[in-house]
2 protein chains.
Amino acid sequence: MDRVAIIGASMTQFGQRDAWIRELLAEAGQAALADADVSPDEIEHLYVSNMASGEFEGQTGVPNALAHDLAAMPAYTARIDQTSSSGGAGVYAAWQSVASGASDMTMLVGGEKMTHRSTAEATDVIASLTHPVEYKHGVTLPSFAGLTARLYLDTYDAPRESLGKVAVKNHKNGVDNPHAQFRKEVDLDTVMDSPIVADPLRLYDFCPITDGSAALVFCPESVAREYTDDYAVISGIGGATDTHVVHERADPTTMGGVVNSSEIAYEMADLEPDDIEVAELHDMFTILEFLQSEDLGFFEKGEGWKAVEEGVTDRDGDLPINTSGGLKSKGHPLGASGVAQVYEIYKQLIGDAGERQVDADVGLACNVGGFGNCVTTTIMESR
Amino acid sequence: MDRVAIIGASMTQFGQRDAWIRELLAEAGQAALADADVSPDEIEHLYVSNMASGEFEGQTGVPNALAHDLAAMPAYTARIDQTSSSGGAGVYAAWQSVASGASDMTMLVGGEKMTHRSTAEATDVIASLTHPVEYKHGVTLPSFAGLTARLYLDTYDAPRESLGKVAVKNHKNGVDNPHAQFRKEVDLDTVMDSPIVADPLRLYDFCPITDGSAALVFCPESVAREYTDDYAVISGIGGATDTHVVHERADPTTMGGVVNSSEIAYEMADLEPDDIEVAELHDMFTILEFLQSEDLGFFEKGEGWKAVEEGVTDRDGDLPINTSGGLKSKGHPLGASGVAQVYEIYKQLIGDAGERQVDADVGLACNVGGFGNCVTTTIMESR
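Residues numbered from 1 in each chain as written. Chains lettered and ligands numbered in written order. Predicted model: local features only at pLDDT ≥ 70, side-chain atom pairs only at ≥ 80, totals over all residues. Heavy atoms only, no water.

In the nomenclature of an unreviewed UniProt entry, chain A is known as Acetyl-CoA C-acyltransferase of Haloferax prahovense.

Here is the structure:
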């Protein structure tokens, strides 16, 4: 079977944007069309990854509006929502649309407009994904993260500083990402002295609230060759769920959705964790980078923290993680994040990552919804 | 290529339900698993068609919750939203998941919980799909329907009573649908004397606000044969958009999304409109049944109304339309409606439609979002 290729990509400036969701989506969509040198009337399927434009902005039907705004009608459109992993789910939908033969040219645009709402309001919209009983008891995603971080540090005898070093690393990477929300280095003291949010996690262990969008153009590899020599292929992709009620998990330091989705992706790609040369992980909270790096098989259980301490996941390490700056410094516009992860891997694989460039032919993106409730893992290879 | 088969289906009682969206989805999901004789752990992909659980109920992440509630974890899940045609978009997503080889057993559950909100509130949530400028001028879907109905009646010299006869026919069909919200016949006088909502349309020209859900189980035809002799196949499916701003359409009596999506579906199925023997159309407003029956090629432009007058679309006519009772009498729980349309065609094709049974081997479902903003057309055949 023809593999599914990505032939163009874009991401907008992430941060506090003076633009509504429709404008953000159109901005990324137009840029990706230009990058791929594809005209809007070539688009057959147009997917939008977005969690909550209705809740944030009172505007639904945004995929239809985007088809209109991009002059891509009568392209088929739908919105793909998987809460904070809507972007990864959109990548899977776009992959399926091409792999099934339904579309020979698919665009995915992921985006979210959040900063016009207060942090409390935005957090409350996100918290609506949790189980109502847990939600009413205040066990929101940040508090789960705090509880899990405490458990991880205790269980694996990891120093609190190792979490801080994730923030330091990702902020350092973000300096070289022109689209990142925060382009400034932070030192470990700053992280360790920042206000406590959910003990033991502090302000710098959390990603910000962000506006932004990102887009990708997919087609069969046979079609890709007609457009460009600079394409990457998706060689493995899989998705999986874990319990909705987080307290039902046997071991909260293991993310079942990451384990199961990556198993599917590795098998499809016929690759092992050791084959991955660059990865974008969903560091909504610093602790999540440890959990994913272990559950993806990069490191033994309980040893992800050592990799950060030893510089293995630095940009010049053996397995660079979050060269983009991650959600931590790049920002986390819910529906855009999973798309922007694949944007980064695509740029790395085609050798167009600028100052962030690493030497890699195989990359992986892991997009996590909720507290690992639903996960999509995508493995990509240079052509 | 292996065709995509449907091997099981369910729909819940439609109407005013004392159950939240999670319960409604689980009810349909469990019933479809039982109908298909498939165990939850066989489900690889689980899609949820739903427009607005966040806006209606403050609960997002419902696909993940459903995977949990059905004990279908770690099945991959995502929510598919295409506003009022989320169900049809879900059918397309489920089809793609099987046709792409990503899943050998996919469940789709569509549902919406609406009646706990006032009609004004519910209508406002739906209206959030329209263009903000049109919305702020009060040009909501019902008013578009009124304007379009007036234009249609004037242009094609159709009597106002012909619209009323759509309501009479669909109510009559709904009497034999045990899941329908309204199981009562109405006569033409009742329809014609009902209160005006958007001139010339009256109360009985509109579908109600509804709670409910429906579910389908999809797999490759080769797998279907291992489970049952009573399956149907999707032989053609396509989707398309029309302008988001309705006033930009050259002719509001033509639904471009219906024309374009059905063209794709007919070509894929290698069938003509004349080959269709039973159809479920999206009669959110009576006028839409005329427009779709013409834009799908069943009747010449401007002659759909004659077919209703002449009984062609009655259950015992040449081309029965909305044997289920349609949205008009069955009800319209947004995310469920497109799934319930395919449920009806499936039941007709496997000969399990009870009192509603017609003689058909080829059926079509047309699910419309907004005022034709986005449309999915599905053609099915008995095995």
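## Structural notes on the environment of Ile-7 of chain A
Counted only if it meets this: We count a stretch as a helix when DSSP gives it H or I for four or more residues in a row; a strand needs E for two or more, and each element gets its number in order from the N terminus. Accessible area is worked out with a 1.4 Å probe on protein chains only. A residue is then buried under 20% of its type maximum, exposed over 50%, and partly exposed in between.
Looking at the element boundaries, Ile-7 of chain A is found in strand β1 (residues 4-11). Taking relative accessible area as the criterion, Ile-7 of chain A reaches 3% and is therefore assigned buried.

## A few points about the nonpolar core
Where a protein is soluble and globular, its nonpolar side chains tend to be buried together. We count it as follows: What makes a nonpolar core is a set of buried Ala, Val, Leu, Ile, Met, Phe, Trp, Tyr and Cys residues whose side-chain atoms join them at distances within 4.5 Å. Only heavy atoms enter the contact rule, under which two residues are in contact if any of them lie within 4.5 Å.
Formed by 76 residues in total, the largest nonpolar core has its most connected members in Leu-216, Phe-218 and Met-380 of chain A together with Leu-216, Phe-218 and Met-380 of chain B. When neighbours within four sequence positions are excluded, Phe-218 of chain A is seen to be in contact with Val-4, Ala-5, Ile-6, Val-91, Ala-94, Val-98, Asp-104, Met-105, Thr-106, Leu-108 and Ile-234 of chain A.

## Looking at the interface of chain A and chain B
Interfaces are often sized by the accessible area lost when the parts come together. The line we're drawing: The term salt bridge refers to a pairing of a side-chain nitrogen on Lys or Arg with a carboxyl oxygen on Asp or Glu at a separation within 4 Å. N or O atoms closer than or at 3.5 Å make up a polar contact, with two conditions inside protein: a donor-capable atom paired with an acceptor-capable one, and, for residues adjacent in sequence, both atoms drawn from side chains. Any residue that is not Ala, Val, Leu, Ile, Met, Phe, Trp, Tyr, Cys, Pro, Asp, Glu, Lys or Arg is counted as polar, Gly included; the first ten are nonpolar and the last four charged. A strand pair is defined by DSSP finding two or more bridges across the two strands.
Each side of the interface is counted separately: chain A has 52 residues, and chain B has 52 residues. Linking chain A to chain B there are two salt bridges. Notably, a salt bridge pairs Arg-79 of chain A with Asp-81 of chain B, separated by 2.7 Å at the nearest N-O pair. Inspection of the region where chain A meets chain B yields 36 residue pairs in polar contact (both at pLDDT 80 or more). Of all the secondary structure elements, the ones that give two or more residues to the side of chain A that touches chain B are β2 (45-49), α2 (53-57), α3 (62-69), β3 (76-81), α4 (86-99), β8 (232-241) and β11 (374-382) of chain A. For the side of chain A that touches chain B, the element with the most residues is α4 of chain A, which contributes seven residues. Residues of the side of chain A that touches chain B, tallied by class, amount to 22 nonpolar, 24 polar and six charged. Here β3 of chain A pairs with strand β3 (residues 76-81) of chain B via three bridges, running antiparallel. Among the inter-strand pairings, Ile-80 of chain A is bridged to a residue of β3 of chain B, identified as Ile-80 of chain B.

## Re the UniProt feature "domain: Thiolase C-terminal" (unreviewed entry) in chain A
We count it as follows: UniProt positions are given in the numbering used here, feature names are shortened, and annotations may be inferred rather than shown by experiment.
UniProt records the feature "domain: Thiolase C-terminal" (unreviewed entry) for residues 238-381 of chain A in the present numbering. With 35% helix and 16% strand, the stretch residues 238-381 of chain A has end C-alpha atoms that lie 15 Å from each other.

## Quick notes on the relation of the copies chain A and chain B
As a reminder, the rule being used: A residue counts toward the fit only if its pLDDT is at least 70 in both copies, and the copies are then superposed by least squares on the C-alpha atoms of those residues.
Placing chain A over chain B gives an RMSD of 0.0 Å and needs a rotation angle of 180 degrees, together with 0.0 Å of translation along the axis. One copy is carried onto the other by what is essentially a two-fold rotation axis. Relative to the rotation axis, the closest C-alpha in chain A is found at Ser-100 of chain A, a distance of 1.9 Å. Here 100% of the interface residues in chain A have copies in chain B that are interface residues too; the copies meet face to matching face.

## A few points about the pairing of strand β7 (residues 212-220) of chain B
All names here are of chain B. Of all the nine residues making up β7, nine are buried; the element is thus mostly covered by neighbouring parts of the structure. For strand β1 (residues 4-11) and β7, the ladder comprises seven bridges, and the chain directions are antiparallel. Note on β7: the bridge partner recorded for Ala-5 is Cys-219. Pairing geometry for strand β4 (residues 106-112) and β7, over seven bridges, is antiparallel.

## Focus on the pattern of salt bridges
All names here are of chain A. By the definition in use, this model includes 38 salt bridges over all chains. Across the pair Arg-150 and Asp-199 runs a salt bridge whose closest N-O atoms are separated by 3.2 Å. A residue pair is termed long-range when its members are at least 10 positions apart, and Arg-150 in helix α7 (residues 141-156) and Asp-199 in the loop between β5 (196-198) and β6 (201-202) qualify at 49 residues. You can call Asp-199 partly exposed: its relative accessible area is 48%. Close ionic contact of Lys-165 with Glu-309 constitutes a salt bridge, the shortest N to O distance being 2.6 Å. Of this pair, Lys-165 sits in helix α8 (residues 160-174) while Glu-309 sits in helix α13 (residues 304-309), and the two are 144 residues apart along the sequence. Taken together, the shared-partner salt bridges in this structure form one network comprising Arg-3, Glu-221 and Arg-225.

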